[in-house]
Amino acid sequence: MQTTDRLSQHVRITAQQTAALERLRITTIEDILYHFPQRYTDTSNVKNIIDITAGERVSVYGKITNLKLQKGWKSKVAMATGTLTDATGSVAVVWFNQPYIAKMLSEGSEALFTGTISAGKSKSRGLYLSNPEYEHTDKPLGVVGDSLFGSHEEHAPLYPVYAESRGVTSKWIFHTIQKIIRAGVHESMTDPLPDAIREQFHLPTLSTALVWVHMPHNHNDANAARKRFAFEEIFLIQLSRLKQRATHAREHAWVISKTRSDLQPFISGFSFDPTSAQEQSIADILADFKKGHPMSRLLEGDVGSGKTLVAAATAYAVIMTRPPGQTFGSLQVGYMAPTEILASQHFDSFCNYFRKSGISIGLITGSGCYKFPSKVSRIGTPTGTPAEATLISRAQLLKWVANGEIPILIGTHALIQKAVKFKHLAYVIIDEQHRFGIRQRQQLVQKDGKIPHLLSMTATPIPRTLALTMYGDLDLSLLDAMPPGRKPIITTVVSPLKRAAAYDAIHRELTLGRQLYVICPRIDEPDPAKEMAVVARSVKAEADRLKKKVFQEYDIDILHSKMTPTKKDTAMELFLGGSTDILVATSVVEVGVNVPNATVIIIEGAERFGLSQLHQLRGRVIRSNHQAYCYVFTETTSKKTADRLKALTTAKNGFELAEYDLQLRGAGELSGGKQWGVSDLAMDGLKNIKMVEVARREAARLIDDDHTLDRYPALAAALGRLDKVHFE
C-alpha cells in the first residue's frame with residue numbers, strides 16, 4: 001500500500017461512496033489521511049440514562065425510536081421528537097426548529113447523542129434531551145452492555161468525528177483510516193517540515209502526528225497533532241506566497257516616475273480633498289511604481305472609504321507616462337471587476353473622473369462594449385448613470401486597445417481573454433478578486449517580458465493573521481478613515497419583541513424619501529421536512545409580508561442570486577432610479593451598486609451571518625452624507641448571539657470586527673475557511689498570531705536561503721500539492 005494509491009485499490013467502495021468521497025476531495029490514501037477530524041467525542045463522559053439529571057449536558061449512547069415530525073401546541077414551532085433508550089431506561093428527545101432530523105435518523109438506529117437535559121413545563125413531559133447533536137459511533141466504554149470497541153488497551157476514550165457526505169459516514173472514515181494506519185503506510189511518508197523547524201518548536205513527526213490526530217489516547221496528543229498540522233499548512237502557504245514574492249522581485253515592470261505633485265491637476269478636479277489614508281496609499285503605490293519590479297499591493301478599506309479614488313489617481317500617473325523611446329501615446333491600465341454591473345459602475349465613475357482630460361476609456365463585458373468619450377450620449381446603462389459614451393463593436397474596441405488608442409480598459413474576466421491584446425499594459429487593478437492567481441497574471445505579461453503592476457482592492461475586512469498568510473506576497477495599504485462629512489452608521493440590534501418600534505423608525509425615514517434594503521438568509525420558504533432546511537425568513541415571503549402588513553404604501557421589489565442577470569440589472573436600475581422604495585434581497589447585494597438615497601437596511605436572521613459580512617452589508621447604506629441606519633433583526637434571544645452582535649454597535653471599523661469574529665467563532669463556523677481556501681485546522685491556527693508570525697519568519701528565512709527550494713525537495717513537493725488544492 002502506497003500513499004499515492006487510489007483508495008479503491010485497498011478498500012471496497014460502492015458507487016455512492018465514490019461520489020461522496022469525491023465531494024470530500026478524497027481519492028488517494030494520502031487524501032484520507034489528511035482528512036482530519038472536526039472534533040472528538042470524549043466517550044469517558046458518557047452516561048447511562050438512569051443517571052441523568054435536569055440541567056446537565058450529557059452524552060448518551062442508545063437506540064432512537066418513535067421518530068415524529070410535529071408542531072408545538074401553542075408555539076407552532078416545527079420540531080422532531082423521538083425516544084432514546086439504553087439498557088437502563090428511556091428519555092424523550094426533542095429537536096426544536098429542526099424537523100428534518102426525523103427523516104435523517106433511521107428508526108431503531110443506534111448513535112451517541114450529546115445535549116442538555118431539560119425539565120418539561122408540565123408534569124406529563126418530564127425530562128427530555130434538548131436539541132442534541134448525534135454521531136453514529138461504536139458503543140463507548142463505560143455504558144451498560146457489551147462494548148463494540150473491545151478492550152481498554154486497544155481504544156482510547158476520544159472518538160474522532162469527521163466531516164461526512166451522503167454515502168460516507170464519520171464511522172466509515174474512522175475505520176478506513178484505522179486500517180490504513182495499522183498497515184503502517186504513514187511510517188513511509190516523507191515529512192515536509194525540516195527537522196530543524198520541527199525540533200525548534202517541539203512539533204511531532206508526520207507519522208506520529210497522523211496517529212495522534214486520528215487515534216489519540218488523550219487530549220494532549222490530539223492537540224499536539226492538530227497544532228502541528230495547523231502550523232504545517234500556514235507555513236506552507238507562507239512559503240508559497242513568499243516564493244512568489246521573491247520571483248516577482250527578480251522580474252521587470254514598467255518604471256513610472258510620477259510624483260504626487262504630478263497628480264495634483266487631476267486630484268484638484270474632485271469636489272473634496274483626499275483623506276490622509278488615501279494620500280498615504282497613493283504615496284505607497286507611486287513609490288512602488290519607481291522600483292522597476294512589478295508591484296503587488298492589496299488596498300483594503302471599508303465600503304465607502306474611497307478605494308476608487310486611489311485607483312483613479314494612480315491610473316492617471318500611469319496613463320500620463322509615455323512608453324520608453326516614444327514622444328506620443330501612453331502606458332495602459334486594465335481594471336477588472338467581479339460582475340458586469342460593477343464593471344459598468346466603475347466605468348461611469350472613471351468617465352466622470354477623467355471627463356476633462358480627454359482620455360479614452362473602454363468598457364468590455366459579455367453584454368457589450370462601450371467607449372468614452374463619444375458624441376453620442378449613453379443613457380440607461382445598468383447603473384443608470386448618463387455618460388458621453390457609445391456602444392461599439394467588440395472588434396473595434398479590441399483594435400483600439402491593441403494599438404494603444406484606449407489607455408484605460410475596464411471589464412469583467414473578459415479582460416484577460418486571449419483575444420484582448422494590450423500594447424503597453426503597465427497597471428492592473430482588481431476589484432474584490434480575493435485571489436488573482438499566477439496564471440491570470442501571467443496571461444497579462446507583455447511580449448517584451450514586462451509584468452504589469454498589480455493593485456488588488458477589497459472591502460472585505462480581513463484579520464491581520466489571515467492577511468499575513470493568504471496575502472503574504474502582497475504589500476498592504478489600509479484605508480481606515482471615511483471621507484469628510486460621512487456620518488457613522490447607527491446600528492441597532494432588534495429582538496423579536498421590538499420589531500414594531502423598529503418599523504416605526506424606518507417608516508419615518510421612508511417618509512423623508514429615503515430607501516430601504518431588507519436582507520434575508522433564504523430565497524424561498526424552507527420545506528420543514530427537508531434535510532438540513534434552514535428555518536429562516538425568505539426573500540419572496542418577506543417581500544409579500546412587508547407589502548401586506550408593514551409597508552403597504554411603498555413599492556417593493558426583490559433581488560436574489562437565482563434571477564437572470566437581466567432581471568437583476570432591471571431590479572437594481574429601478575431601485576437606483578427611485579422607482580422602487582424597498583428592495584428585499586439576499587446577501588447578493590453585499591458587493592453591489594451604490595445607491596446614495598438608500599440609507600436604511602434591515603438584516604433578518606442576523607445570527608446566521610458573520611460579523612464581517614454583516615459589516616459589509618450595512619456598508620451598502622453608507623454612500624452619502626445622510627444619516628444611515630442598520631437594524632439587525634434576530635430570531636433568538638440567546639446571550640451568546642446578543643454578545644456577538646453587540647460588537648457591531650461598538651467596533652470602530654471592519655478590521656476590528658474581523659479580528660473579533662475570528663476569535664469568537666469556532667473552526668468550521670468561519671465562512672473564511674471556504675472563502676480563503678484553508679482548512680478548519682488552519683483557520684483555528686490563525687487565531688494564534690504568534691504561530692502565524694513564527695511560520696512567516698521561518699518561511700522568509702528559507703526563501704532568503706534558497707528561493708528555488710532546490711535543497712528542500714520535500715517542501716517543494718508539498719508546495720506543488722498545496723497550490724493545486726488552494727490556489728488554482
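Residues numbered from 1 in each chain as written. Predicted model: local features only at pLDDT ≥ 70, side-chain atom pairs only at ≥ 80, totals over all residues. Heavy atoms only, no water.

## Regarding the pattern of salt bridges
Counted according to the given criterion, the structure contains 19 salt bridges. Among the ionic pairs, Lys47 bridges to Glu56, the shortest N-O distance being 3.0 Å. Classification of Glu56 by relative accessible area gives buried; the value is 18%. In this structure, Arg228 and Asp191 form a salt bridge, with 2.8 Å as the shortest nitrogen-oxygen distance. Separated by 37 residues along the polypeptide, Arg228 in helix H7 (residues 219-249) and Asp191 in the loop between helix H4 (170-182) and helix H5 (195-200) bring together distant segments of the chain. Of the two residues, Arg228 and Asp191, both sit in the buried class. If you follow the salt bridges from partner to partner, you end up with Asp191, Asp195, Arg198, Arg228 and Glu232 in one network. (Salt bridge = Lys/Arg side-chain N within 4 Å of Asp/Glu carboxyl O. Buried < 20%, exposed > 50% of the residue type's maximum accessible area, 1.4 Å probe, protein only. Helix = DSSP H or I, 4+ residues; strand = E, 2+ residues; numbered from the N terminus.)

## Digging into the packing of aromatic side chains
All chains considered together, the criterion is met by 20 aromatic pairs. Note on Trp95 and Phe113: the rings are 6.4 Å apart at their centroids and 50° apart in plane angle, and the pair reads as tilted. Residue Trp95 is located in strand S5 (residues 89-96), and its partner Phe113 is located in strand S6 (residues 110-119); the two are separated by 18 residues in the primary sequence. When the ring of Phe270 is compared with that of Tyr353, the centres are 4.9 Å apart and the planes differ by 80°; the resulting orientation is edge-to-face. A residue pair is termed long-range when its members are at least 10 positions apart, and Phe270 in the loop between helix H8 (260-267) and helix H9 (276-289) and Tyr353 in helix H11 (residues 340-353) qualify at 83 residues. (Phe/Tyr/Trp six-rings, centres within 6.5 Å; stacked < 30°, edge-to-face > 60°.)

## Thoughts on unusual backbone geometry
Backbone phi values are negative for most residues with the exception of glycine, while trans is the configuration of most peptide bonds. Cis geometry is adopted by the peptide bond preceding Pro373, which originates at Phe372 and carries an omega value of -5°. As for its position among the elements, Pro373 is in the loop between strand S12 (368-372) and strand S13 (390-392). Look at Asn131: it is not a glycine, yet its phi comes out positive at around 45°. Position of Asn131 among the secondary structure elements: in strand S7 (residues 127-135). The phi torsion at Leu709 lies on the positive side, around 60°, for a residue other than glycine. Along the polypeptide, Leu709 turns up in the loop between helix H23 (689-705) and helix H24 (713-726).

## Comments concerning helix H6 (residues 206-214)
The α-helix winds at 3.6 residues per turn, so residues separated by three or four positions along the chain end up facing the same way. Among all positions in H6, only Leu206, Ala209, Leu210, Val213 and His214 are buried. Buried residues of H6, seen end-on, are gathered within an arc of 115° and therefore sit on one face of the element. At its buried positions, H6 is contacted by helix H2 (29-33), strand S1 (39-42), strand S8 (158-161), H4 and H7. (Arc of directions from axis to C-beta. Contact = heavy atoms within 4.5 Å.)

## Brief notes about the confidence of the model for the protein chain
Taken over all residues, the pLDDT of the protein chain has a mean of 82, while the share at 70 or more is 86%. Between residues 377-387, whose pLDDT stays under 50, and residues either more than four places distant or in other chains, the model counts 28 contacts. In this model, residues 528-534 is a region of pLDDT below 50 whose contacts with residues beyond four sequence positions or in other chains number 20 contacts. (pLDDT = per-residue confidence, 0-100.)

## A closer look at helix H12 (residues 394-402)
Every buried residue of H12 is accounted for by Leu397, Leu398 and Val401. One face of H12 carries all of its buried residues, which in axial projection span an arc of 95°. When the buried face of H12 is taken as reference, the exposed residues oriented beyond 90 degrees from it are Ala395 and Lys399. Where H12 is buried, its residues contact strand S10 (332-336), strand S11 (361-365), S12, S13 and strand S14 (408-411). Two residues or fewer after H12 comes Gly404, characterised by a positive phi angle close to 85°.

## Let's talk about the sheet that holds S14
With mixed pairing, the nine strands of this open sheet are ordered in space as S13-S12-S11-S14-S10-S15-S16-S9-S17. Looking at which strands have only one partner, the edges of the open sheet turn out to be S13 and strand S17 (475-479). Going across the sheet, the axis of each strand differs from the next one's by a mean of 20°, ignoring polarity. Direction of pairing for S12 relative to S13: antiparallel, over a ladder of three bridges. Within the sheet, the bridge partner assigned to Tyr370 lies in S13 and is Leu391. (Pairing = 2+ DSSP bridges. Axes fitted to C-alpha atoms, helices over the stretch in contact; angles between N-to-C directions.)

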